[in-house]
Amino acid sequence: MDLLNTKKALRVWTDIVIDRAKRNLIRQDKNASGRLLESLKSGEPIYADGVLSTNIQMANYGAFVDKGVSGIKKKYNTPYKYTNKMPPTKSLDKWSVRRGIAPRDEKGKFIPRKSVLFAIARGIYMNGMKPSLFLTTPFNRMKKELPVTLATAFTEDARAVLTIELNK
């Protein structure tokens, strides 16, 4: 059985989840470089060993943006936390430029970028990153519709197979 209708329904469902996740990223202004938005993709549905599955692919750091990270002072309901290491300042460099973060001291001179990056990294280490749930929210909302969607599509597939078999 090819399950063409069921695979198509699952593909459409996954595409809707991804589309809503992308809109959330933009709305929440969590898309500084655009890489996370571009990395969100759906895998092709696979039917193997009696199980139909699909996957949503994204950049590795997308999980941290979605679920958040607990700092050492401020805690969030997330599986990720900082324990004994601050985030690397190197990863914050381009982000700070894109965000236009260039504070000045009381004399009006720009504060050295290394100092700014260290302060941002320390702030993240202490306070963590609040969960954005950009992917989790649409996934959970759409998950409620999935059984009916798949049942309808599977019924169409079963009907097609029965029609072919009965007409032999």
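These remarks concern the structure in this document.

The rules we used
- Residues numbered from 1 in each chain as written.
- Predicted model: local features only at pLDDT ≥ 70, side-chain atom pairs only at ≥ 80, totals over all residues.
- Heavy atoms only, no water.
- Helix = DSSP H or I, 4+ residues; strand = E, 2+ residues; numbered from the N terminus.
- Rg over C-alpha atoms; globule rule 2.2 N^0.38 Å.
- Buried < 20%, exposed > 50% of the residue type's maximum accessible area, 1.4 Å probe, protein only.
- Contact = heavy atoms within 4.5 Å.
- Areas by Shrake-Rupley, 256 points an atom, 1.4 Å probe, with all protein chains shown as cover.
- Lys, Arg positive; Asp, Glu negative; His and termini not counted.
- Charge placed at Lys NZ, Arg CZ, Asp CG, Glu CD.
- Phe/Tyr/Trp six-rings, centres within 6.5 Å; stacked < 30°, edge-to-face > 60°.
- Lys NZ or Arg CZ within 6 Å of the ring centre and 35° of its normal.
- Polar contact = N/O pair within 3.5 Å; in protein donor to acceptor, adjacent residues only side chain to side chain.
- Core = buried A, V, L, I, M, F, W, Y, C linked by side-chain atoms within 4.5 Å.

**What to know about the overall build of the chain**
Working step 1: The helix and strand inventory of the chain stands at seven helices and four strands.
Working step 2: For 168 residues, the compact-globule formula gives about 15 Å, and the C-alpha radius of gyration of the chain, at 22 Å, lies well above that figure.
Working step 3: Principal-axis analysis of the C-alpha atoms gives the chain an extent of 85 × 30 × 25 Å.
Working step 4: When the 168 residues of the chain are sorted by exposure, 29% land in the buried category.
Working step 5: Sequence-distant contacts, at least 24 apart, represent 66% of the contacts inside the chain between residues at least 6 apart.
Working step 6: Entry remark: accessible area of the chain is about 11,500 Å², with carbon and sulfur atoms responsible for 55%.
Working step 7: If you average the places of the 32 positive and of the 15 negative side-chain charges in the chain, the two averages end up 12 Å apart.

**Let's talk about unusual backbone geometry**
Working step 1: For D29, which is not a glycine, the phi torsion comes out positive at approximately 55°.
Working step 2: Position of D29 relative to the elements: it lies in the loop between α1 (4-27) and α2 (35-39).
Working step 3: Phi angles above zero are rare outside glycine, and L133 is one such case at about 55°.
Working step 4: In this fold, L133 is placed in the loop between α5 (113-127) and α6 (136-143).
Working step 5: Relative accessible area serves as the criterion here: at 34%, L133 is assigned to the partly exposed category.

**Focus on the packing of aromatic side chains**
Working step 1: The tally for this structure, following the rule as stated, stands at three aromatic pairs.
Working step 2: An angle of 75° between the planes, with centres 5.5 Å apart, marks the rings of W13 and F139 as edge-to-face. You can see W13 sitting in helix α1 and its partner F139 sitting in helix α6, a full 126 residues away along the chain.
Working step 3: Its relative accessible area of 6% is what places W13 among the buried residues.
Working step 4: Ring geometry for F64 and Y80: centres 4.7 Å apart, planes at 65°, overall edge-to-face. Here F64 is found in helix α3 (residues 62-67), whereas its partner Y80 is found in the loop between α3 and α4 (90-98), with 16 residues between them in sequence.
Working step 5: Assessed through its relative accessible area of 35%, F64 is described here as partly exposed.
Working step 6: Positioned above the aromatic ring of F110, the side-chain terminus of R104 is 4.0 Å from the ring centre.

**Some thoughts on the side chain of T78**
Working step 1: Position of T78 among the secondary structure elements: in the loop between α3 and α4.
Working step 2: A distance of 3.0 Å separates the side chain of T78 from the backbone oxygen of K67, its partner in a polar contact.
Working step 3: Within the structure, the side chain of T78 is placed 3.3 Å from the backbone nitrogen of Y80, a separation counted as a polar contact.
Working step 4: The contacts of T78, once residues within four sequence positions are left out, are K67, G68, V69 and S70.

**Here's the deal with the nonpolar core**
Working step 1: Within the largest apolar cluster, 15 residues are counted, with the highest numbers of intra-cluster contacts made by W13, L25, L36, L40 and F134.
Working step 2: Every element with two or more residues in this core is listed here: α1 and α2.
Working step 3: Broken down by element, the residue count for this core peaks at six residues, all from α1.
Working step 4: When near neighbours in sequence (up to four residues on either side) are disregarded, L40 contacts I18, A21, K22, L25, I56, Q57, M58 and F134.
Working step 5: Counting ten residues, the second-largest nonpolar core is a separate cluster that includes V69, V116, I120 and A121.

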